[in-house]
Amino acid sequence: MSSPARPIGVFDSGVGGLSVLCHIRAALPAEDLLYAADAAHAPYGAKSPQFIEARALALAEFLVAHDAKALVVACNTATAAAIVRLRERFGLPIVGMEPAVKPAVEATRAGVIGVLATSGTIESGKFAELVRRFGSQARVIVQPCPGLVERIEAGDLEGPLTRGLLDGFVAPLLAQGADTLVLGCTHYPFLTPLLRELAGPSVEIVESGAAVARQLARRLAETDFSPAQGAGGERFFSSGDPALLAALLPRLWGAAAPVERFSAG
């Protein structure tokens, strides 16, 4: 009898990584997926790199203890703070996030792109290097978005508070000629319908979830793991109140599912 296929572990500070999980499920329909939301410590955006690195290591340990064969850091801020340490610590494929500045530079017609991200991502050396690499090809305007993750974690994707926040972040970018917007936080794709309404149909919106899923598939193909067969399943975990994540799953994941409480670190 063959041994059961090992799952893929995915983590984020909260529900944002579900936007990446959707792309992973579409790209790898046979794989079993574990999703860990570090809701007890969300959001990560304004926390220190040292704190975020410690949480990322703890979450990775939790998923590896559940026999994960690969890890996806479905959080731009955690990737910037911890991806190097994670790859040093764990001998398995680890895929992180990177704001889609390169495809945005390729897509812009006006030569101006706007990047919506958390302060933790924007202040990282990894992001600075990304802008340095591609900033000569287009003007890159960076917009921190304090408070936006909290609105999404609360399930408010189109209410007046969220609309007012997002409009306040996007309007200055549009006023400076940006015709392409980069969603530099995995939470933000859930605001795409509202963002399209505010920005208009001529503005291109780019995010990294599909590219991360493709990279994960490539990395798995390079390993000696047998490809998964059949239809994959999912398990969801939260370090906070499981009921809060469970209440958002039908809307953000597209289906209801039980959520288990976990403690890491």
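Residues numbered from 1 in each chain as written. Predicted model: local features only at pLDDT ≥ 70, side-chain atom pairs only at ≥ 80, totals over all residues. Heavy atoms only, no water.

Colleague: In this structure, what is going on with the packing of aromatic side chains? I would like to understand it.
Modeller: When we look at a pair of aromatic rings, we describe it by the centre distance and by the angle of the planes. All chains considered together, the criterion is met by five aromatic pairs. Between Phe 237 and Phe 262, the aromatic rings sit 6.4 Å apart at their centres with planes inclined by 90°, giving edge-to-face as the arrangement. Taken together, the residues span a long stretch of sequence, with Phe 237 in strand 9 (residues 234–238) and Phe 262 in the segment after strand 10 (259–261) at a distance of 25 residues. By relative accessible area, which is 5% here, Phe 262 ends up buried. The structure contains a cluster of three or more aromatic residues connected by ring pairs, namely Tyr 35, Phe 236 and Trp 253. (Phe/Tyr/Trp six-rings, centres within 6.5 Å; stacked < 30°, edge-to-face > 60°. Helix = DSSP H or I, 4+ residues; strand = E, 2+ residues; numbered from the N terminus. Buried < 20%, exposed > 50% of the residue type's maximum accessible area, 1.4 Å probe, protein only.)

Colleague: Just checking my understanding: could you explain helix 3 (residues 76–89) for this structure?
Modeller: For an α-helix, 3.6 residues make a turn, and residues three or four places apart therefore share a direction. The end-to-end C-alpha separation of helix 3 is 19 Å, in line with the 20 Å expected for 14 residues at 1.5 Å each. A maximum bend of about 65° is found in helix 3 at Ala 82. All of the buried residues in helix 3 are Asn 76, Thr 77, Ala 78, Thr 79, Ala 82, Ile 83 and Leu 86. Packing partners of the buried residues in helix 3 comprise strand 1 (8–12), helix 2 (49–65), strand 3 (70–73), strand 4 (94–95), helix 5 (119–122) and helix 6 (125–134). (Expected span 1.5 Å × (residues − 1). Bend = angle between axes of the 7 residues up to and from the residue. Contact = heavy atoms within 4.5 Å.)

Colleague: Explain the sheet that holds strand 1 here, please?
Modeller: Within a sheet, each strand pairs with its neighbour through backbone hydrogen bonds, oriented either parallel or antiparallel. Ordered by their spatial adjacency, six strands build an open sheet running 4-3-1-2-9-10, and the pairing between neighbours is parallel. Across the chains shown, the open sheet's two edge strands, defined by having one partner strand only, are strand 4 and strand 10. Taken together, the four bridges between strand 1 and strand 3 define a ladder with parallel strand orientation. Opposite Phe 11, over in strand 3, you have Val 73 as the bridge partner. The sheet strands contacting helix 2 are strand 1, strand 2 (33–37), strand 3 and strand 9, and the helix crosses strand 1 at an angle near 155°. Against the sheet, helix 11 (residues 242–252) touches strand 2, strand 9 and strand 10, its axis set at about 165° to strand 10. (Pairing = 2+ DSSP bridges. Axes fitted to C-alpha atoms, helices over the stretch in contact; angles between N-to-C directions.)

Colleague: Is there a simple way to think about empty space enclosed by the protein in this case?
Modeller: Any space left empty among the atoms is revealed by the rolling of a water-sized probe across them. Counted according to the given criterion, the structure contains four cavities of 30 Å³ or more. Along its surface, the largest cavity is lined by 15 residues, and Ser 13, Cys 75, Thr 77, Thr 118 and Cys 185 are the ones closest to its centre. In the lining of the largest cavity, the residues fall into five nonpolar, nine polar and one charged. Reported here for the second largest cavity is a volume of approximately 50 Å³. In terms of lining, the second largest cavity is formed by Asn 76, Thr 79, Ala 80, Met 97, Glu 98, Pro 99, Thr 121, Ser 124, Lys 126, Phe 127 and Leu 130. Broken down by secondary-structure element, the contributors of at least two residues to the lining of the second largest cavity are helix 3 and helix 6. Per-class residue counts for the lining of the second largest cavity are five nonpolar, four polar and two charged. (1 Å grid on protein atoms, 1.4 Å probe; cavity = no way out; pocket = protein on both sides within 12 Å on 5 of 7 lines; lining within 4 Å. Points joined across faces, edges and corners; volume = space filled by probe spheres on them. Nonpolar A, V, L, I, M, F, W, Y, C, P; charged D, E, K, R; others polar.)

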